[in-house]
Amino acid sequence: MLLRTTNAIFPVVYKITDGEDEQKRWLSFIHCSNADPTNKPRIVLIASHADKLNDKQAGRSRATALVEHYRKLFQESLIVSQEVFLTNCLEAGSPELQRLREVLASFRDDIMKQRPKVPKVCVQLLAEIQGWRKERKAFPVMAWQDYLTSMVTATYGTVKERIVHLASSYLHDEGEIISLRHEAKSSVVLDPQWLFTSVFGPLLAPDNFDKIIDKINRTAEDHVTLEELARVFSAVADIPLLIKLLQDFQLCHTYDGRIFILPSLLQQEIKEAAWSPVSSKAIYFGLQIRCRTEIDSFSCDLFPRLQTLLMQAHPDKLSRPLLWKNSAKCTDGRAEALLQITQDKRQLNVFVRSNDGNREDCKSIMDLLKDMTYRLLHETSPGARSRDMVLSALDLREHRPQPHAYSREELEAAAAKGENLVHPQRNVPEKVKDLLLHPGNLRGMLGRVARKRLELVETLRHINPILDHLRADDVINLDENDRIRAARTPQGAARELLDILEAKGERACVKFHSVLTTCDKYAASLLVQEEMSEEGATASY
């Protein structure tokens, strides 16, 4: 949320004595935070700790190779300067650091030449904002509605609310203000520099900054007390206003106003007992959202903010969640879920289970969590490309630490043929219906039947003629025929039939539709109507 300015230069400093992971992580972070694919952020790679090298020439060769490597790897999304810098950052007057200053100045001049002229209304708003910064120096933050009203008033009504919205979005993109959401209770930060230095510095700085920044101390449970917030921030902000600001940025939550949970500060790892085997009747489903390419990653604030949303969903939608570093467990009272993100921030897993084997309960909590996750993913990592994978139910039931993930293409191919998927490591078959919570997202007639399942169950009252045709065409066998006819109600018989057809796959569903055109034209018409909306259907989870 802090790297989306369109007029920025990003110096990426790394130790020449370390490996490549750090600089790649930062470049990926910048790439994935960029919401505008037509705007390529400018990067300058700076190798530090030159004084620690025994062979300076070898160090420069390595720095040169890294610049070339990342220029090629990120060529579609970033402008990585071809200039090579090998510096000792303690020597502020060295020729190498002077050359760095000159290159950065050249970049700045180039950006300013290409930059479109700032709209007059934005200049007008910025003049008002600069005055408010001075008036609110101790806490340069306004509620959005107050900001909106004050701006209309300050311009004597010549600037309407809609124009204030558009101009504020422009100023946010330019880094002049921070306004994430134009909602009545959300906040507008008038001075981003104050936010970074006075708030985010003490709040988010790593432990090795403890000698220069007064960092927050946590309790044994990884929580933060109101007294501790007051100790660290009372000199720079009114504490109640600061708490509201942090809550608006989804950085903290409290249940009682005294103890605060800041997910980004959590250090405790999940214990194995927190997600252990339960009833033998339990059913499991799993979704994996993974980065699509080598240069993609999820923003480092994605999972902490997701944990905050889980807390905010209590008590209306979820019970109070259990939180750990990179893990969260929650329940809606019917099914429970475990969410985990990998250390490299490239995979996010969502496991759900129902202890009494209720598939609908699993669907309900999965839909809630998936919607919550994707909304936040698109906000925090707009430039990241991801794909959905479906996790092995067999691995989930056995609580394997790294469950296998099946692709959409694998699921669609198996479903179309009415075949099982075979676990590649264990050589064990798994049914598509045991993996997918929403078979209706599949393409073809199988997807149509699944999407219209409820209507078909209510419609299919005279099922015996349909069974006769399906039996004659070898779509169902004798045992399946008897099992369907043994159902106590027409709805029960219809459910049993649809279960069997969905398990058999696309060919069986196509034949079923053909039979319906003879035996039940209305039911057949339901599937024909569904064809019109099928174009966008995919086998997502």
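Above this text sits the structure in question.
Residues numbered from 1 in each chain as written. Predicted model: local features only at pLDDT ≥ 70, side-chain atom pairs only at ≥ 80, totals over all residues. Heavy atoms only, no water.

## Some remarks on the overall build of the protein chain
- For the protein chain, the helix and strand inventory stands at 21 helices and 18 strands.
- The C-alpha extent of the protein chain, read off along each of the three principal axes, is 90 × 65 × 50 Å.
- Once local pairs closer than 6 in sequence are excluded, the contacts in the protein chain between residues at least 24 apart make up 69%.
- For the protein chain, the accessible area works out to roughly 27,300 Å², and carbon and sulfur atoms hold 50% of it.
- Separation between the mean location of the 74 positive side-chain charges and that of the 75 negative ones in the protein chain comes to 1 Å. (Helix = DSSP H or I, 4+ residues; strand = E, 2+ residues; numbered from the N terminus. Contact = heavy atoms within 4.5 Å. Areas by Shrake-Rupley, 256 points an atom, 1.4 Å probe, with all protein chains shown as cover. Lys, Arg positive; Asp, Glu negative; His and termini not counted. Charge placed at Lys NZ, Arg CZ, Asp CG, Glu CD.)

## Regarding the sheet that holds strand β16 (residues 405-406)
- Spatially, 7 strands are ordered β11-β12-β13-β14-β10-β15-β16 in an open sheet, and the strand pairing comes out antiparallel. Single-partner strands in this sheet number two, and they are β11 (322-324) and β16.
- Inspection of the sheet shows strand β12 (residues 327-331) paired to strand β13 (residues 336-341) by 5 bridges, in the antiparallel sense. Among the inter-strand pairings, K329 is bridged to a residue of β13, identified as L338.
- In the packing of helix α11 (residues 359-380) onto the sheet, the strands contacted are β10 (283-291), β12, β13, β14 (347-354) and β15 (386-391), and the crossing angle to β10 comes to about 15°. (Pairing = 2+ DSSP bridges. Axes fitted to C-alpha atoms, helices over the stretch in contact; angles between N-to-C directions.)

## Points about the layout of surface pockets
- Roughly 2,200 Å³ of internal volume is contained in the largest pocket.
- Along the walls of the largest pocket sit 49 residues, with R25, W26, F29, L204 and C300 positioned nearest its centre.
- Mapped by element, the contributors of at least two residues to the lining of the largest pocket are β1 (9-15), α1 (21-33), α7 (192-204) and α10 (302-312).
- A per-element tally of the lining of the largest pocket places α1 first, with 8 residues.
- Classifying every residue of the lining of the largest pocket gives 25 nonpolar, 10 polar and 14 charged. (1 Å grid on protein atoms, 1.4 Å probe; cavity = no way out; pocket = protein on both sides within 12 Å on 5 of 7 lines; lining within 4 Å. Points joined across faces, edges and corners; volume = space filled by probe spheres on them. Nonpolar A, V, L, I, M, F, W, Y, C, P; charged D, E, K, R; others polar.)

## A word on the environment of L460
- Its place among the elements puts L460 in the loop between α16 (453-459) and α17 (464-472).
- According to the relative accessible area criterion, L460 is buried, its value standing at 1%.
- Considering only alpha carbons, one finds L460 and R400, 60 residues apart in sequence, at a separation of 42 Å.
- Excluding anything up to four places from it in sequence, L460 contacts I466, P490, A494, F512, L516, D520 and A523. (Buried < 20%, exposed > 50% of the residue type's maximum accessible area, 1.4 Å probe, protein only.)

## Thoughts on helix α19 (residues 490-504)
- Between its first and last C-alpha atoms α19 spans 21 Å; for 15 residues at 1.5 Å apiece the expected length is 21 Å, and the two agree.
- Within α19, the full set of buried residues consists of A493, A494, L497, L498, I500, L501 and E502.
- Taken together, the buried residues of α19 touch α15 (444-451), α16, α17, α18 (478-485) and α20 (506-519).
- Looking one or two residues beyond α19, the residue adopting positive phi is G505, at roughly 100°. (Expected span 1.5 Å × (residues − 1).)

In short, the description is geometric, and any link to function would need to be established separately.
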